[in-house]
Amino acid sequence: MSAPERIPPRSLTPPTRLPPPPSTEASRLLPPSELLALGELTVRGQVREASNAVLYCTVEYDGHSAPCVYKPVAGERPLWDFPDGTLAQREVAAYEISEATGWGLVPPTVLRDGPYGQGMCQLWIEVEVAPDGAAGDGSADGDADGDGSGETGGAELLALVEGDEPGPGWKAIGYAEVGEGRTALLVHADDVRLRRLAVLDAVINNGDRKGGHLLPAAGGRLYAIDHGVTFNADDKLRTLLWGWAGEPLPNDVLEVLRRLADQLADGGPLCARLAELITGAEIEALRARVATLLRTGKHPEPSGQWPAIPWPPV
């Protein structure tokens, strides 16, 4: 195996001959969540590789328009460990928590009626692709000191490398089979954006953080999508972002978690909003997870009672 090899992100390519997304210039004059909630949805195509129905749409309202994703509840496949017809609400709840942290890691997401009934509607994110050879070489400009303060630009987020050490700027996840009886070390970038996302996933109890759910965008932004299997009252955390497991949480993250704990108190607007989306037991479990992170002051570690890494990982 030529080392190292990049892990390609999961394709989100819409069907052929889709019209190009409309210009989002006008939508900047209107809050994206308002545009998503009030605009007229027009289905343009389908994201075919998704396990549930995912429709590529445009949303238009009062002269403003933007591309978006619409996931109708009617297109959700039943899961044994989640109540039927609740994945869309969980996606919106994940957005609400992301906004409460101030990290802006989840694209604007609303719950609304659409052409196929109620569903989740989320702003479409255009992925910024790094130039060939600029990413995944095991030496990205991450945080060589290991405190998670660096950022790796573009799509330099995941890689497979030879050897037993991740190298500067990378965090080891584990070994992966690469064919013909060979293995390689799976690593992710030691990147402040990913570290915050690892904390967000621990808070919302994300059961499916795959590499294809990471969307590097213009301006150095990183977004994360697909949050349907979240907020379970039981421990379901499955993620590729285990590189900081057991390490102390940065002080700025602890401060964010303290503010989040306050916002989750009974009677607050965030708690009232979440009560419309998830159950009371799930809200209590959410509070308990935040309290545990504050008490331990550390990133969580795999429980050993649940598969730690989702399959397929990308």
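Keep in mind that this is a model prediction, so the values were computed, not measured.

Definitions and cut-offs
Residues numbered from 1 in each chain as written. Predicted model: local features only at pLDDT ≥ 70, side-chain atom pairs only at ≥ 80, totals over all residues. Heavy atoms only, no water. Core = buried A, V, L, I, M, F, W, Y, C linked by side-chain atoms within 4.5 Å. Buried < 20%, exposed > 50% of the residue type's maximum accessible area, 1.4 Å probe, protein only. Helix = DSSP H or I, 4+ residues; strand = E, 2+ residues; numbered from the N terminus. Contact = heavy atoms within 4.5 Å. Pairing = 2+ DSSP bridges. Axes fitted to C-alpha atoms, helices over the stretch in contact; angles between N-to-C directions. pLDDT = per-residue confidence, 0-100. Polar contact = N/O pair within 3.5 Å; in protein donor to acceptor, adjacent residues only side chain to side chain. Phe/Tyr/Trp six-rings, centres within 6.5 Å; stacked < 30°, edge-to-face > 60°. Parallel < 35°, antiparallel > 145°, perpendicular 65-115°, else oblique. Nonpolar A, V, L, I, M, F, W, Y, C, P; charged D, E, K, R; others polar. Left-handed = near helix turned anticlockwise from the far one by under 90°.

Asks: Help me understand the nonpolar core in this model?
Replies: Considering soluble globular proteins, one finds that nonpolar side chains tend to be buried as a cluster. If you look at the biggest cluster of nonpolar residues, it comprises 54 residues, and the most contacted ones within it are Ile97, Leu194, Val203, Phe231, Leu260, Leu264 and Leu274. If you tally residues by element for this core, the top one is helix 3 (residues 192–204), at eight residues. Excluding residues that lie within four positions of it along the chain, Leu194 makes contacts with Leu157, His188, Ala189, Leu214, Leu222, Leu241 and Trp244. Within the second largest apolar cluster, twelve residues are counted, among which are Leu41, Cys57, Val59 and Val110.

Asks: Could you clarify how one ought to interpret unusual backbone geometry in this entry?
Replies: What is expected of a backbone is that most residues other than glycine have negative phi and most peptide bonds are trans. A positive phi angle, close to 65°, is found at Asp226, a residue other than glycine. Structurally, Asp226 is set in the loop between strand 11 (222–224) and helix 4 (251–263). The backbone of Phe231 sits at a positive phi, close to 65°, despite the residue not being glycine. Locating Phe231 in the fold gives a position in the loop between strand 11 and helix 4.

Asks: Sorry if this is basic, but what is going on with the sheet that holds strand 4 (residues 64–72) here?
Replies: Sheet strands pair via backbone hydrogen bonds, and the direction of the pair is either parallel or antiparallel. Across the sheet, which stays open at both edges, the five strands sit in the order 2-3-4-6-5 with antiparallel pairing between neighbours. With one partner strand each, in any of the chains shown, strand 2 (40–46) and strand 5 (109–114) form the two edges of the open sheet. On average, adjacent strands in this sheet sit at an angle of 40° to one another, irrespective of strand direction. Where strand 2 lies against strand 3 (residues 55–61), six bridges are found, and the strand directions are antiparallel. When the bridges of strand 3 are listed, Gly45 appears paired with Tyr56. Together, strand 4, strand 5 and strand 6 (117–123) form the strand contacts of helix 2 (residues 87–101), whose direction differs from that of strand 5 by roughly 150°.

Asks: Just to check I follow, could you spell out the confidence of the model for the chain for this structure?
Replies: A low pLDDT score tells you not to read the predicted coordinates there in detail. Per-residue pLDDT for the chain averages 85, and the proportion of residues at 70 or more is 83%. Taken as a whole, residues 24–28 scores under 50 in pLDDT and shows nine contacts with residues more than four places along the chain or in a different chain. A low-confidence stretch, residues 133–149 stays under pLDDT 50, and its non-local contacts, those more than four residues away or across chains, total 47 contacts.

Asks: Explanation requested: the side chain of Arg209 in the structure shown.
Replies: Structurally, Arg209 is set in the loop between helix 3 and strand 10 (214–216). Among the polar contacts listed, one links the side chain of Arg209 to the side chain of Asp201, at a separation of 2.8 Å. Leaving out residues up to four positions away in the same chain, Arg209 has contacts with Leu197, Asp201, Leu214, Ala224, Ile225, His227, Arg238, Thr239, Leu240, Leu241 and Pro310.

Asks: Where do I start with the packing of aromatic side chains in this structure?
Replies: Given two aromatic rings, their pairing is described by the distance between the two centres and the angle made by the two planes. Going through the model one piece at a time under the given rule, you end up with one aromatic pair. Seen in terms of ring centroids, Tyr56 and Trp124 are 4.7 Å apart; in terms of plane orientation they differ by 85°. Their pairing is edge-to-face. Remark: Trp124 occurs in the loop between strand 6 and strand 7 (158–161) and Tyr56 occurs in strand 3; sequence separation between them is 68 residues. Judged by relative accessible area, Tyr56 falls into the buried class, the value being 3%. Its relative accessible area of 15% is what places Trp124 among the buried residues.

Asks: Can you walk me through the packing of helix 3 against helix 6 (residues 280–296) in this structure?
Replies: Between two packed helices, both the angle of their axes relative to each other and the distance between the axes serve to describe the pair. It is at 8 Å that the axes of helix 3 and helix 6 come closest, and there the two elements cross at 135°. Comparing the axis directions of helix 3 and helix 6 gives the class oblique. Residue-level contacts link Ala202, Val203 and Ile204 of helix 3 to Leu286, Arg289, Val290 and Leu293 of helix 6. Looking at the contact of helix 3 with helix 6 residue by residue, the classes come out as six nonpolar, no polar and one charged.

Asks: Whenever I open this one, the pairing of strand 5 confuses me. Can you help?
Replies: Walk down a regular strand and you will see the side chains alternate between the two sheet faces. Pairing of strand 5 with strand 6 involves six bridges; the strand directions are antiparallel. Each residue of the ladder has a partner; that of Gly114, found in strand 6, is Gly117.

Asks: I tried to follow the packing of helix 3 against helix 4 on my own but got confused; where do I start?
Replies: The interhelical angle for the contact between helix 3 and helix 4, taken along N-to-C directions, is 30°, at an axis separation of 11 Å. Relative to helix 4, helix 3 is oriented roughly parallel. Considering only the axes of helix 3 and helix 4, their crossing is right-handed. Between helix 3, through Arg196, Val199 and Val203, and helix 4, the contact on the second element is made entirely by Asp252, Val253, Leu257 and Leu260.

Asks: Is there a simple way to explain the environment of Pro248 in this structure?
Replies: Mapped onto the elements, Pro248 comes out in the loop between strand 11 and helix 4. Along the sequence, Pro248 and Pro300 sit 52 residues apart, while their C-alpha atoms lie 9.6 Å from each other. When sequence neighbours within four positions are dropped, the list of residues in contact with Pro248 reads Arg195, Gly297, Lys298 and His299.

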